[in-house]
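Residue strings, one per chain:
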Amino acid sequence: MSQRVRKKIAILGSTGSIGRQALEVVGAHRDRLEVVLLSAHSSVELLLQQAAATPAPVAVLTGAEPAAVPAPADLPRGLRLYLGAEALTEAIAASGADLVLNALVGAAGLRATLATLAAGATLALANKESLVIGGELPQIAEALAPRPFGGPDARIIPVDSEHSAIFQCLLGEDDAALKRIWLTASGGPFFGCSRDELARKTAADALRHPTWTMGPKITIDSATLMNKGLEIIEAHHLFACPYDAITPVIHRQSIIHSAVALADGAVKAQLGTPDMRVPIQLAFSLPERWRPAPQSPADLDLFAAADLSFAAPDFEAFGCLALAQEAGRAGGSAPVVLNAANEVANEAFCAGRCGFLDIEALVRDALDCYPADPLESVDSLEEIDASVRRHVGLKLAR
Ligand code: NDP
Ligand code: MG
């Protein structure tokens, strides 16, 4: 019997929420997927366990101290382990991966996105921040140019559940057919709260998300609705959709993962029980669809999902959403400023160093202080990013 050729995949950020779920998908489809590279930042032990179990020939730790890493003789057999952010881009280039899942968190994912595209591999993109800040860079804009979206030449496949939904709705459609994106949002743990109530919320409150279990950064972003703001910018780049035609809509049940309105008035939506393994697996399996990973929730029962609700977001209580729309529309360096300020403020809130509404205030201040300039290069983008981080850090220290 002839053996199936397995797709070679790299999983960046394998120790995180998306990364661990991606490895579950791999475990369910070992006959179709071969892992050639794993990465983590500083979770040494878990990364080594994953590398041994997969097994993966190469692993990279981008943020671990050499002293925290076992000697080569103590590594899992056959594993080559590298340290540092540069080692990750080099490992992507050398991996021979057909597909790279970028599940790093934050702007740190940009170099990995660029290295993947430069290597000619398909990019399965969970790391929305790299698209938010780098969507206008020619390397990324060119990778998004082949149309129709989702056609055989697609080089970037979205993993974010909303964007995977839109991607699925647009499969087989002509680009010109897209009239509006309805970008659904759960509303997060603070849906319906007033500004006074929001002012008293702590990180522990924010980390209790109603429908999704995710890493801490995106969970806080979901509480401020910055996540939806970042996703609006992400959708703008992925689907070449003008900002005026992207409407965020609060849908508490997270059953409809997003919808598109088409030229003739038809509206297509993608529905399912919330489970990130579905969009992760689809990014791995396209153009095929495979059976779900074990322990996945049962298929959606429409009778059980009878009470679906939709509401406009409260832009006044959740100011980060409007700030992201503003930054997206301004373009150039504005989304870089927005994202860098948000990353620093998000982390400070998580560490109890600022209040919930300070996140919005710090992002607003950064956008006021840094004019929106055209992006000249990755290096200048990273200089702006670093400068904004220093600026917000000084504000927090006062
Ligand atoms: P996690 O925080 O759970 O995981 C992040 C991963 O990236 C970990 O492997 C971590 O390693 C690694 N990492 C952290 N910092 C760095 C760095 N500076 N450089 C390189 N690697 C780093 O995040 P999530 O899995 O929740 O999210 C990952 C991305 O996917 C984000 O962009 C998020 O917005 C997006 N996403 C996530 C969803 C979810 O359900 N979680 C849904 C949709 C999108 P270590 O363990 O060593 O710290
Ligand atoms: Mg999402």
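Above this text you will find the structure in question.
Predicted, not measured: the structure shown is a model, and the values here were computed from it.

J.: Summarise the coordination of the magnesium ion (ligand 2); cite the residues concerned and give the values.
T.: On the protein side, the magnesium ion (ligand 2) has Asp160 (OD), Glu162 (OE) and Glu231 (OE) as donor atoms, found 2.1 to 2.3 Å from it. For the magnesium ion (ligand 2), the single-chain donor residues occur in sequence as D-x1-E-x68-E. Separated by 69 residues along the polypeptide, Glu162 in helix α7 (residues 161–170) and Glu231 in helix α11 (residues 226–239) bring together distant segments of the chain. Residue Glu162 shares its accessibility class with Glu231, and that shared class is buried.

J.: Talk me through the pairing of strand β1 (residues 7–12); I want residue IDs and the actual numbers.
T.: For β1 and strand β2 (residues 33–40), the ladder comprises six bridges, and the chain directions are parallel. Looking across to β2, one finds that Ala10 is bridged to Leu37. Taken together, β1, helix α1 (residues 17–28) and β2 constitute a β-α-β crossover, and its handedness is right-handed. Pairing between β1 and strand β5 (residues 99–102): four bridges, direction parallel. Paired with Ala10 across the bridge in β5 is Val100.

J.: Give me the lowdown on the site of ligand 1, citing residues and values where you can.
T.: Around ligand 1, the surrounding shell holds 25 residues, and the nearest of these are Thr15, Ser17, Ser42, Ser43 and Glu129. Contact between ligand 1 and Ile18: an oxygen atom at 2.9 Å from a main-chain N or O atom of the residue. The separation between an oxygen atom of ligand 1 and a polar side-chain atom of Ser43 is 2.7 Å. A total of 900 Å² of accessible area belongs to ligand 1 in isolation, and the protein chains cover 87% of it. Secondary-structure elements contributing two or more residues to the shell around ligand 1 are α1, α5 (128–134) and α10 (216–224). Class assignment for the residues of the shell around ligand 1 results in eleven nonpolar, eleven polar and three charged.

J.: Explain the sheet that holds strand β4 (residues 80–83) to me, using residue names and the numbers behind them.
T.: Spatially, the seven strands line up as an open sheet ordered β4-β3-β2-β1-β5-β6-β7, and their pairing is parallel. Strands at the two margins of the open sheet, each flanked by one partner only, are β4 and β7 (156–158). The average undirected angle you get between the axes of adjacent strands in this sheet is 20°. Lying on the sheet, α1 is in contact with β1, β2 and β5; it crosses β1 at an angle near 160°.

J.: Mind laying out the state of the cysteines, listing which residues take part and the relevant values?
T.: A full pass over the atoms with the stated rule returns zero disulfides. Of the cysteine sulfurs around Cys350, a residue in no disulfide, the closest is that of Cys354, at 9.7 Å. Residue class for Cys350 comes out partly exposed when judged on its relative accessible area of 32%. A relative accessible area of 12% places Cys354 in the buried class.

The rules behind each value
Residues numbered from 1 in each chain as written. Chains lettered and ligands numbered in written order. Predicted model: local features only at pLDDT ≥ 70, side-chain atom pairs only at ≥ 80, totals over all residues. Heavy atoms only, no water. Donors = N, O, S within 2.8 Å, 3.2 Å for Na, K, Ca; no water. Helix = DSSP H or I, 4+ residues; strand = E, 2+ residues; numbered from the N terminus. Buried < 20%, exposed > 50% of the residue type's maximum accessible area, 1.4 Å probe, protein only. Pairing = 2+ DSSP bridges. Right-handed = clockwise from strand over helix to strand, strands pointing away. Near = heavy atom within 4 Å. Polar contact = N/O pair within 3.5 Å; in protein donor to acceptor, adjacent residues only side chain to side chain. Areas by Shrake-Rupley, 256 points an atom, 1.4 Å probe, with all protein chains shown as cover. Nonpolar A, V, L, I, M, F, W, Y, C, P; charged D, E, K, R; others polar. Axes fitted to C-alpha atoms, helices over the stretch in contact; angles between N-to-C directions. Contact = heavy atoms within 4.5 Å. Disulfide = S-S within 2.5 Å.

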